[in-house]
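Below are the chains, spelled out letter by letter.
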Amino acid sequence: MEEQNKPQEAEVKKSPDATKMIGKIILGIVFILIGLVALIRWWPHLWSLIRGCIGLFFILAGVITIAIAKE
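Report follows, based on the coordinates. (Residues numbered from 1 in each chain as written. Predicted model: local features only at pLDDT ≥ 70, side-chain atom pairs only at ≥ 80, totals over all residues. Heavy atoms only, no water.)

### Examining the overall build of the protein
- Looking only at helices and strands, the protein features two helices and zero strands.
- Here the protein holds 71 residues, and 0% of them are scored as buried.
- A total of about 7,000 Å² of accessible surface is found on the protein, and carbon and sulfur atoms cover 72% of it. (Helix = DSSP H or I, 4+ residues; strand = E, 2+ residues; numbered from the N terminus. Buried < 20%, exposed > 50% of the residue type's maximum accessible area, 1.4 Å probe, protein only. Areas by Shrake-Rupley, 256 points an atom, 1.4 Å probe, with all protein chains shown as cover.)

What follows is the structure in C-alpha cells.
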C-alpha cells in the first residue's frame, strides 16, 4: 500500500517546481522584451555612449598589454 503512494507523492512535489520554473521563464521573457524596447527606443543615446567609451577601451587594452608584456 505504501509503495502505491510514493509515485503520487513524487508527482505532487514536481508540480510547485514546474510552476516556479514557468514563472521564471515568463519573467525572463518580460525582461528580454523590456530590454529590447529600451534598446530600440534609446538607440541614439546608446550609440553615443559606445562611441564615447572607445577611447577608454583602447587605453585599458594598452595597459593590459603592457602588463602582460612585463611578465
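### So, helix α2 (residues 43-70)
- With 28 residues, α2 extends 40 Å between its outermost C-alpha atoms, agreeing within 8% with the 40 Å of an ideal straight helix rising 1.5 Å per residue.
- A maximum bend of about 35° is found in α2 at I54. (Expected span 1.5 Å × (residues − 1). Bend = angle between axes of the 7 residues up to and from the residue.)

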